[in-house]
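Read off the chains here:
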Amino acid sequence: MSTVTEQAAEGRPAIDEPGPAAPRYQGSGILRQISVLSGRSLRVLRDPAMVLPGVLEPILMLTVFSQVFKSVSQTSAFPPGVSYIDFLLPAFLVTSAVSAGLKSGVALTTEMNNGIIARFRSMPIHTGSVLVGRSIADTALAGVNMLALLVAGALVFGFDPAGGFLGAAGCLAIAMALSWSLGWVFMAMSAWLRRPEALQPIGGILNLVLLFASNAFVPVEGLPGWLRTFASVNPMSQAITAARDLSMGEVDAGTLLAPLGICAVIVAITAPLAIRSFRRSA
Amino acid sequence: MKDGRTKDKHVDAVIEVAGLSKTFGSVAALDDVSLSVQKGSVLGLLGHNGAGKTTLVNILSTLLRPSRGRARVAGFDVVGDGVEVRRRIGLTGQYAAVDETLSGRDNLILIARLLGAGRAEAAARADELLEIFQLSDAARRRAKTYSGGMRRRLDLAASLVGRPDVLFLDEPTTGLDPVARRGLWQVVERLVKDGATVLLTTQYLDEADYLADSITVLAKGRIVASGTAEELKGRAGSRNVSVTLRTDEAVLRTTEVLRRSGLDPAPDDEDGLVLIVPVHDSTEIATVVRATDEAGADIAGLAYAEPTLDDVYMALNHSSAVR
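Residues numbered from 1 in each chain as written. Chains lettered and ligands numbered in written order. Predicted model: local features only at pLDDT ≥ 70, side-chain atom pairs only at ≥ 80, totals over all residues. Heavy atoms only, no water.

(A) View of the overall build of chain A. What chain A contains, in helices and strands, is 11 helices and zero strands. Starting at the N terminus and ending at the C terminus, chain A contains elements arranged as α-α-α-α-α-α-α-α-α-α-α. Projected onto the principal axes, the alpha-carbon positions of chain A cover approximately 85 × 35 × 35 Å. Looking at chain A as a whole, 52% of its 282 residues are labelled buried. Residue pairs at least 24 apart in sequence account for 81% of intrachain contacts in chain A once pairs closer than 6 positions are excluded. Counting only carbon and sulfur atoms, one obtains 68% of the accessible surface of chain A, whose full area is about 12800 Å². If you average the places of the 18 positive and of the 15 negative side-chain charges in chain A, the two averages end up 9 Å apart. (Helix = DSSP H or I, 4+ residues; strand = E, 2+ residues; numbered from the N terminus. Buried < 20%, exposed > 50% of the residue type's maximum accessible area, 1.4 Å probe, protein only. Contact = heavy atoms within 4.5 Å. Areas by Shrake-Rupley, 256 points an atom, 1.4 Å probe, with all protein chains shown as cover. Lys, Arg positive; Asp, Glu negative; His and termini not counted. Charge placed at Lys NZ, Arg CZ, Asp CG, Glu CD.)

The structure is reproduced here in structure tokens:
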């Protein structure tokens, strides 16, 4: 390493002009902050090594699930005339929202601990922008993974829903809305827990409960009584039912609005909580 | 700047802290701390882990609220005028606070854009800083691939994007190898030459000695001493030269010659072949070497140690209270 002081003598620019009368920049508005910060998180899209695992993992899982549980389509509780992949894929899309949301929370705790968040908090920007920026970027990234899952489902596994393209787009919308709202739930938890290793097990348990105590992989009618009751009220089941109806072509305004409404309520509750505890944590 | 900025006799004090305390539960992280830092000077805040250094920096950079007391930075109250304070400070914490997925250049552009710079302006500022911090060659590489020293330099550059009035450096060299440490010292030295006001925290007396105009020693959240590096070293007492000899007989002869030369050697408790000689200046170091030669003793080892933070603590009789 050559010395910096030597270079000062060579007439390089001064690092700091003495005694600036006013800050050099006049600050940025909240929309600029959000777009710059979400753009930051979306930069990973340029890097195949960062994107590929997120795309491939759900496709791999879909391969496993579609083969292992295929036999349920032969059981009496299964809707007749429906192929298992048409039953599974909408649900699979919706359930991938849980791990996408958990990823948001884990990424936030990681950044809270590596100092970049402290840098943002010591700058003249709204603390909420940091979280909103992350939530927008992570939802978009989840959308990319989900789109890849839909395309792979159609090309490789013969996903051909009665609802057609619009039905599939509706599934995607529901899944992205759920991933957006669960992202806020997990960010609220991370702002509160602060440590990734504290968040991971809670996220894991939540994932397990939401996922398997639902109608994602098997019809609820085939479950034991107590589990059936829970699976019916599980918001995940609501979103999955809506996604399935959409892909089966049974669309009315209520089908789409109910799960989107649930997501909006979840965000309305958890976003202020997340921002508030984020502001307080150092 | 129209509102709120003080225009009184303390206008030259860029950091003013009065009676500041911070408690976490029942633990006092800071206890009645008062200090001030003049414009264009460097205050070294010296202390071990848990002494309260980071707590103070976090309060001054508005990340934490004080429990009691007041603090003003660049003329603004850290509690009441947080945004105005944040517009005028740069913070470099114990971790290199950079986005590892972005290139060095994109990290700096990100900060400039958030501060309100236009695209072209942000890119120009980033390139300017990359050159100063000798990161131009690595500008487009992702920060993940940077060495520890490069990361710290990028972090420091990020703190300077907005040309802050006040710079907080919280243990900027912790975890760096000696070469990278020196490199960072030179960067900070140059910043100071260019007129920055700096509050630097460190665990190393030599670092504070090298960079700071004055030093405040913190232990368990309280200020236990303040002064220049020389004053503190003076309080830590003399420095020691330890001479390792080959035979007991050489130890005896050398001791005798040293006594005649006016020094006061004592055998080391652990190793009878080692003589500890307290010295007060470099002439006395020469005397030690000459005396050994005069005694005809063969030197097996020779060491000279600057006083450390521990020596200062010890001298302040706080050694038992600080760990």
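On we go from here.
(B) A look at the environment of I174 of chain A. Along the polypeptide, I174 of chain A turns up in helix 7 (residues 164-193). Through-space distance from the C-alpha of I174 of chain A to that of L260 of chain A is 6.6 Å; in sequence the pair is 86 residues apart.

(C) Region of the structure containing the environment of V192 of chain B. Residue and element names in this part refer to chain B. Mapped onto the elements of the fold, V192 is located in helix 6 (residues 178-193). For the pair V192 and S41, spaced 151 residues apart in sequence, the C-alpha separation works out to 7.3 Å. Discounting chain neighbours no more than four positions away, the residues touching V192 are V42 and V198.

(D) Examining the nonpolar core more closely. Within the largest apolar cluster, 79 residues are counted, with the highest numbers of intra-cluster contacts made by F120 of chain A together with L108, F133, I215 and V217 of chain B. By residue number, the principal contributor to this core is helix 3 (residues 104-115) of chain B, which donates seven residues. Excluding residues that lie within four positions of it along the chain, V217 of chain B makes contacts with L46, R222, I223, V224, A225, L232, L309, V312 and Y313 of chain B. A100, L102, A243 and L246 of chain A belong to the second-largest nonpolar core, a separate cluster that totals 52 residues. (Core = buried A, V, L, I, M, F, W, Y, C linked by side-chain atoms within 4.5 Å.)

(E) Focus on the packing of helix 7 of chain A against helix 11 (residues 253-280) of chain A. Residues and elements named next belong to chain A. Relative orientation of the contacting elements helix 7 and helix 11 amounts to 20 degrees, with a least axis distance of 8 Å. In terms of axis orientation, helix 7 runs roughly parallel to helix 11. The element helix 7 and its partner helix 11 pack so that their crossing is left-handed. Taken together, the residues that form the contact of helix 7 with helix 11 break down as 21 nonpolar, four polar and no charged. (Axes fitted to C-alpha atoms, helices over the stretch in contact; angles between N-to-C directions. Parallel < 35°, antiparallel > 145°, perpendicular 65-115°, else oblique. Left-handed = near helix turned anticlockwise from the far one by under 90°. Nonpolar A, V, L, I, M, F, W, Y, C, P; charged D, E, K, R; others polar.)

(F) Spotlight on the sheet that holds strand 4 (residues 68-73) of chain B. All names here are of chain B. Taken together, four strands build an open sheet; the order of strands is 2-1-4-5 and the sheet is antiparallel. Both edges of this open sheet fall to strand 2 (27-38) and strand 5 (76-77), since each of them pairs with a single strand only. The pairing of strand 4 with strand 5 spans two bridges and is antiparallel. Across the sheet, R72 pairs through a bridge with D77, a residue of strand 5. Of the strands in this sheet, strand 1 (13-24), strand 2 and strand 4 touch helix 1 (residues 53-60), which is tilted by about 120 degrees from strand 1. (Pairing = 2+ DSSP bridges.)

(G) Region of the structure containing the side chain of R181 of chain B. All names here are of chain B. Mapped onto the elements, R181 comes out in helix 6. Look at R181 and you get buried, because its relative accessible area is 16%. With sequence-adjacent residues up to four places away left out, R181 is seen in contact with T173, L176, Y204, D206 and E207.

(H) Representation of the domain arrangement of chain B within the structure. Per the domain assignment, the segments of chain B are domain 1 (13-234) and domain 2 (238-306). Here the C-alpha centroids of domain 1 of chain B and domain 2 of chain B sit 42 Å apart. (Domains from an automatic or database assignment.)

(I) View of helix 9 (residues 248-260) of chain B. Residues and elements named next belong to chain B. Between its first and last C-alpha atoms helix 9 spans 19 Å; for 13 residues at 1.5 Å apiece the expected length is 18 Å, and the two agree. Among the residues of helix 9, A250, V251, T254, T255, V257 and L258 are the ones counted as buried. In the stretch just after helix 9, G262 is the one whose phi turns positive, near 90 degrees. (Expected span 1.5 Å × (residues − 1).)

(J) Quick peek at the pattern of salt bridges. Summed over all chains, the structure comprises 22 salt bridges over all chains. A salt bridge links D99 of chain B to R40 of chain A; its shortest N-O distance comes to 2.8 Å. You can see D99 of chain B sitting in the loop between strand 6 (89-92) and helix 3 and its partner R40 of chain A sitting in helix 2 (residues 30-42), one on each of two chains. In this structure, the salt-bridge partner of R222 of chain B is D31 of chain B, at a minimum N-O distance of 3.1 Å. Taken together, the residues R222 of chain B in strand 10 (residues 222-227) and D31 of chain B in strand 2 connect sequence positions 191 residues apart. In this structure R222 of chain B comes out as partly exposed when scored by relative accessible area, which is 45%. Since its relative accessible area comes to 22%, D31 of chain B is described here as partly exposed. One network of salt bridges, with partners in common, ties together R40, E111, R134 and D138 of chain A together with D99 of chain B. (Salt bridge = Lys/Arg side-chain N within 4 Å of Asp/Glu carboxyl O.)

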